[in-house]
Amino acid sequence: MARTTRRSTTHLSRRLVQLYAGLALYGASSALLVRAELGLEPWGVLHQGLAELTGISIGVVSIIVGAVVLLLWIPLRQRPGLGTVSNVFVVGLAMDGTLAVVGELDGYGFRVPALVLGIVLNGVATGLYIAGRFGPGPRDGLMTGLNRVTGRSIRLVRTAIEVAVVATGFVLGGSLGVGTVVYALAIGPLAQLFLRVFALPEPTTPGVTTAPGEPSTPAPPLGSGPVAAPAPGQAILPQ
């Protein structure tokens, strides 16, 4: 029993480390995309546009937008987890902190590497915090909630949300460029890779065994129809 308790505590500790390291790294990687000035990820375009409009720092704008999106969970009957609430605050704070340390970059010799590094680290961060299984980010919960309520596919809902976000951010002055396209093409494969790298085994329950290579809980089939809202401790897609 004591050994099982220690193992569960270690497992929880690692999940917490992955959660907060991933969220902090996500904010830092987003800041690198800002400094690269070659185009931001879809929600970053909106955050930057709102920051330009209001004069508030982009990190604080990210926190405010995350909180507003989280409020939209209420009519969708989504349930936040620890990771959901932490996502709202940690990413924005880490982003502003990184921007304070990393100044403006001159020339493509610095900006292109910053873009590449930012996208790769964003993929690493995604794998870290999602594999921790403490709940989806606010924006992911909005996506899965709309998927469940409307019956539309995840692909359609996500595309519609991000097109609206990018268009609004661009009109407000957000940075849309080659980096936005590269991010859109690269983040899926990178997230999938690092989700595998940082995947955590489920804690074993005494008296319950699984065959080698067999998951403890079968994954639901990925179809084009609605999916169940993720329970606290699960996440489907980055942010």
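Above this text sits the structure in question.
Residues numbered from 1 in each chain as written. Predicted model: local features only at pLDDT ≥ 70, side-chain atom pairs only at ≥ 80, totals over all residues. Heavy atoms only, no water.

### Focus on the packing of aromatic side chains
Alright, step 1. Overall, the coordinates contain two aromatic pairs when judged by the stated rule.
Alright, step 2. Consider the rings of tyrosine 26 and tyrosine 129, whose centres lie 6.1 Å apart with planes at 80°: the pair is edge-to-face. Within this pair, whereas tyrosine 26 is found in helix H1 (residues 2-36), its partner tyrosine 129 is found in helix H6 (residues 108-131), the two being separated by 103 residues in sequence.
Alright, step 3. Ring geometry for phenylalanine 194 against phenylalanine 198: centres 6.2 Å apart, planes inclined by 20°, an arrangement best described as stacked. This pair shows no difference in class: phenylalanine 194 is buried, exactly as phenylalanine 198 is.
Alright, step 4. The positively charged end of arginine 15 is found above the aromatic ring belonging to phenylalanine 134, 4.2 Å away from the centroid. (Phe/Tyr/Trp six-rings, centres within 6.5 Å; stacked < 30°, edge-to-face > 60°. Helix = DSSP H or I, 4+ residues; strand = E, 2+ residues; numbered from the N terminus. Buried < 20%, exposed > 50% of the residue type's maximum accessible area, 1.4 Å probe, protein only. Lys NZ or Arg CZ within 6 Å of the ring centre and 35° of its normal.)

### Focus on helix H7 (residues 138-150)
Alright, step 1. Helix length check: H7 (13 residues) gives 18 Å between terminal C-alpha atoms against 18 Å at 1.5 Å per residue, within 8%.
Alright, step 2. Considering only its buried residues, H7 is in contact with helix H2 (42-54), helix H3 (58-71), helix H4 (73-76), helix H5 (82-101), H6 and helix H8 (154-171).
Alright, step 3. Count one or two residues on from H7 and you reach glycine 151, which has phi positive near 80°. (Expected span 1.5 Å × (residues − 1). Contact = heavy atoms within 4.5 Å.)

### Describing unusual backbone geometry
Alright, step 1. We note that arginine 77 has phi near 60°; this positive angle belongs to a residue other than glycine.
Alright, step 2. By the element assignment, arginine 77 lies in the loop between H4 and H5.
Alright, step 3. Unusually for a residue other than glycine, arginine 133 sits at a positive phi of about 60°.
Alright, step 4. Relative to the elements of secondary structure, arginine 133 occurs in the loop between H6 and H7.
Alright, step 5. On the accessibility criterion, arginine 133 (16% relative accessible area) is buried.

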